[in-house]
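# Report on the structure
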Amino acid sequence: MLTKRLIACLDVQNGRTVKGTNFVNLRDAGDPVALAARYAQEGIDELVLLDITATVEKRRTLIELVRNVAREVNIPFTVGGGIGAVADVEALLLNGADKVSLNSSVLREPGLIDALARRFGSQCIVVAVDARQTNAAAQGPADEAWAVYTHGGRQAAG
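Computed from a predicted model, the values in this text were never measured in an experiment. (Residues numbered from 1 in each chain as written. Predicted model: local features only at pLDDT ≥ 70, side-chain atom pairs only at ≥ 80, totals over all residues. Heavy atoms only, no water.)

### Digging into the nonpolar core
The biggest cluster of nonpolar side chains holds 29 residues, and the ones touching the most others in it are Leu47, Val69, Val73 and Phe77. Going through the elements one at a time, strand E1 (7-13), helix H1 (32-41), strand E4 (46-51), helix H2 (63-72), strand E5 (77-80), helix H3 (86-94), strand E6 (99-102) and helix H5 (111-120) are the ones with two or more residues in this core. In terms of residue count, H2 provides more of this core than any other element does, four residues in total. When residues no more than four places from it in sequence are discounted, the contact partners of Phe77 are Leu47, Leu49, Val66, Val69, Ala70, Gly96, Ala97, Asp98 and Lys99. (Core = buried A, V, L, I, M, F, W, Y, C linked by side-chain atoms within 4.5 Å. Buried < 20%, exposed > 50% of the residue type's maximum accessible area, 1.4 Å probe, protein only. Helix = DSSP H or I, 4+ residues; strand = E, 2+ residues; numbered from the N terminus. Contact = heavy atoms within 4.5 Å.)

### Topic: the layout of surface pockets
Considered as a void within the structure, the largest pocket measures approximately 530 Å³ in volume. Considering the residues around the largest pocket, the lining is formed by 33 residues, among which Ile52, Gly81, Asn103, Asp130 and Gly152 are closest to the centre. Listing elements by their share of the lining of the largest pocket, those giving two or more residues are strand E2 (16-21), E4, E6 and helix H4 (104-108). In terms of residue count, the dominant contributor to the lining of the largest pocket is E2 (four residues). Classifying every residue of the lining of the largest pocket by side-chain character gives ten nonpolar, 14 polar and nine charged. (1 Å grid on protein atoms, 1.4 Å probe; cavity = no way out; pocket = protein on both sides within 12 Å on 5 of 7 lines; lining within 4 Å. Points joined across faces, edges and corners; volume = space filled by probe spheres on them. Nonpolar A, V, L, I, M, F, W, Y, C, P; charged D, E, K, R; others polar.)

### Describing the environment of Leu65
Residue position: Leu65 is located in helix H2. Classification of Leu65 by relative accessible area gives buried; the value is 11%. C-alpha separation for the pair Leu65 and Pro32, spaced 33 residues apart in sequence, amounts to 8.2 Å. Non-local contacts of Leu65, meaning those with residues more than four positions away in its chain, are made with Val12, Pro32, Val33 and Leu49.

Shown next, in the form of structure tokens:
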């Protein structure tokens with residue numbers, strides 16, 4: 001029998017945890033460091049922190065925030081958002097992340113997956129896919145169609 005794992009995901013915008021639906025109607029949900037610590041204390045198996053506006057704002061993930069979360073948790077910790085280069089991954093791993101999650105950057109540069117896996121090990125490279133059903137799906141189950149999105153679910157990848 002497979003073991004069940006509970007993985008919490010904290011979406012972060014402007015240094016605060018936010019909650020919404022499909023990255024819309026976001027509302028403040030608290031301090032990500034405090035929430036991460038609470039999840040770890042309550043027995044969550046793994047934590048994912050996604051800086052949901054880093055790519056859109058063309059900036060790197062907030063390294064200081066990653067460092068502060070890493071100090072508070074003793075569970076596997078994945079970080080995503082704004083990661084597009086070897087240096088970004090190195091900085092996140094050196095500041096406490098166990099894994100990195102890539103999305104938009106690997107659609108622009110698919111070879112990045114292999115390059116990062118060779119450099120840091122495949123165990124710490126995660127590729128996330130944001131997908132949603134298109135209008136064709138409204139016609140019925142036989143017509144279901146899906147589209148991949150980048151930039152925090154804002155841009156269709158084509």
